[in-house]
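So the chains spell out like this:
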Amino acid sequence: MNTVEQHEPTPGTATPTLDVDRSDPDYRAWLKDAVRKVQADANRSADTHLLRFPLPESWGIDLYLKDESTHPTGSLKHRLARSLFLYGLCNGWIRPRKPVIEASSGSTAVSEAYFAKLIGVPFIAVMPRTTSPEKIRLIEFHGGQCHFVDDSRRMYEEAAALATETGGHYIDQFTYAERATDWRGNNNIAESVYQQLRLERYPEPAWIVATAGTGGTSATIARYVRYMQYDTRVCVPDPENSCFFDGWTHDDPAAASDCGSRIEGIGRPRMEPSFVPGAIDRMMKVPDAASIAAVRALENAIGRKAGGSTGTGLWSALKIVAEMVAQGRKGSVVTLICDPGERYLDKYYSDAWLAEQGLDIDPYRATLDEFLATGTWPA
């Protein structure tokens, strides 16, 4: 079953559409209440912080980190989950008592389990067996169930099959992420960044760096930048074992990878429908060891642990800063703290796990140390 083709739910597949009378007053009352609860969550939440990464004043460059780990469910995916639930509710796909099902490597499922519990519907996460134990614990804490697969490439078809079997809705972040989010504004992540920068010395960043799992965040940021006619460029770093870089470089929508990413939350084995290559100005391929070296450097710099995807973005952002220093350019660069490092203490902060994976982060730590001390990126 090729779920890439399953863009719109149809009767008898992911979301049966004939089991509820959508004009029924009881259903409409439930729907209004569910939408209200999801919108109220946004109303209760303050904006996330924009932190500064310390750089020498003489460089004339400011590096910021949009801290998405402060959302109620602890990650960037809280925004996406809220948008996906509103999209599914308003389309009539999410219904009373029927489960919502997702294919996820963890953080999206944590946030979706939260929203499913909020509106009182069951939630099932289809995820790789290698997902971090802390993410599994959080999904179950929010009332969700975990359905494991040994091959991450099978998540899509397993999720669709479960939706058919249970009569539930496969929410499908990898298809709907870029269309469920209002990229023109409405307090999306891009609008938030520019609002928070308005009193800084470089209020229009030279670059925004955003990693890609679904591709929805990079699409939202890039579209907003163009819609608002800013000169900001958007860079998407890609980890090992992900096809996005090759697909973008060779304009190949059929690009694929044979195995899953070790950097949870980003990188995919196929070109996802929500990944919009034409909106992106630049991509970088980042070694996994470099990503992990970067999150450890982040902890040294600001005292905060973060997940591996944050390291992938930070490595690329620092490399862009190095290019600006070499060119004598001044300005600002923005990247994201995607989720907290406490979810990965047994992985990215474990020397035993690094050894098991054959990852040597020391050369990359040395690169970062030399750059931050001298302003020169080693060859």
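Details of the structure are given in the entry above.
Just so it is clear, the structure is predicted and the values come from calculations on it, not from any experiment.

Some points on the overall build of the chain
Looking only at helices and strands, the chain features 13 helices and 10 strands. Oriented by its inertia axes, the alpha-carbon framework of the chain measures out at about 65 × 45 × 40 Å. When each of the 379 residues of the chain is scored for burial, the buried share is 58%. Taking all contacts inside the chain whose residues are at least 6 apart in sequence as the whole, residues at least 24 apart take part in 76%. Carbon together with sulfur atoms contributes 49% to the accessible area of the chain, which is approximately 15,400 Å² in total. Computed over 41 positive and 50 negative side-chain charges, the separation of the two mean positions in the chain equals 5 Å.

What to know about the sheet that holds strand 2 (residues 61–67)
Taken together, the six strands give an open sheet; going across it, the order is 1-2-10-7-8-9, and neighbouring strands pair in mixed fashion. Of all the strands in the sheet, just strand 1 (49–53) and strand 9 (282–285) have a single pairing partner and so form its edges. When the angles between neighbouring strand axes are averaged without regard to direction, this sheet yields 25°. Across seven bridges, the pairing between strand 2 and strand 10 (residues 331–337) is parallel. Directly across from Asp67, in strand 10, lies its bridge partner Ile337.

Digging into the packing of helix 11 (residues 308–327) against helix 13 (residues 362–374)
Packed helices, taken two at a time, are described by their axes: the angle between them and the distance between them. Two elements in contact, helix 11 and helix 13, have axes separated by 11 Å at closest approach and are oriented at 40°. By the criterion of interaxial angle, the relationship of helix 11 to helix 13 is oblique. When you trace helix 11 past helix 13, the crossing you get is left-handed. Side by side, helix 11 and helix 13 meet where Trp315, Leu318, Val321 and Ala322 of the first sit next to Tyr364, Thr367, Leu368, Phe371 and Leu372 of the second. Class assignment for the residues of the contact of helix 11 with helix 13 results in eight nonpolar, one polar and no charged.

Here's the deal with helix 3 (residues 107–119)
Each α-helix turn comprises 3.6 residues. Residues three or four places apart therefore point the same way. Here helix 3 is 13 residues long and its end C-alpha atoms lie 19 Å apart, about the 18 Å a rise of 1.5 Å per residue gives. Most of helix 3 sits inside the fold, with 11 of its 13 residues counted as buried. Tucked inside the fold, the buried residues of helix 3 contact helix 1 (25–44), helix 2 (77–90), strand 3 (100–103), strand 4 (123–128), helix 4 (133–141) and helix 6 (173–180). Once helix 3 ends, the next one or two residues include Gly120, with phi positive near 80°.

Observations concerning the nonpolar core
Phe53, Leu55, Leu63, Leu314, Leu318, Ile320 and Val333 are the most contacted members of the largest nonpolar core, which totals 42 residues. Elements with a contribution of two residues or more to this core: strand 2, strand 7 (207–209), helix 10 (288–302), helix 11, strand 10, helix 12 (351–357) and helix 13. Ile94, Ala109, Ala125 and Ile139 belong to the second largest nonpolar core, which has 33 residues in total.

Definitions and limits used
Residues numbered from 1 in each chain as written. Predicted model: local features only at pLDDT ≥ 70, side-chain atom pairs only at ≥ 80, totals over all residues. Heavy atoms only, no water. Helix = DSSP H or I, 4+ residues; strand = E, 2+ residues; numbered from the N terminus. Buried < 20%, exposed > 50% of the residue type's maximum accessible area, 1.4 Å probe, protein only. Contact = heavy atoms within 4.5 Å. Areas by Shrake-Rupley, 256 points an atom, 1.4 Å probe, with all protein chains shown as cover. Lys, Arg positive; Asp, Glu negative; His and termini not counted. Charge placed at Lys NZ, Arg CZ, Asp CG, Glu CD. Pairing = 2+ DSSP bridges. Axes fitted to C-alpha atoms, helices over the stretch in contact; angles between N-to-C directions. Parallel < 35°, antiparallel > 145°, perpendicular 65-115°, else oblique. Left-handed = near helix turned anticlockwise from the far one by under 90°. Nonpolar A, V, L, I, M, F, W, Y, C, P; charged D, E, K, R; others polar. Expected span 1.5 Å × (residues − 1). Core = buried A, V, L, I, M, F, W, Y, C linked by side-chain atoms within 4.5 Å.

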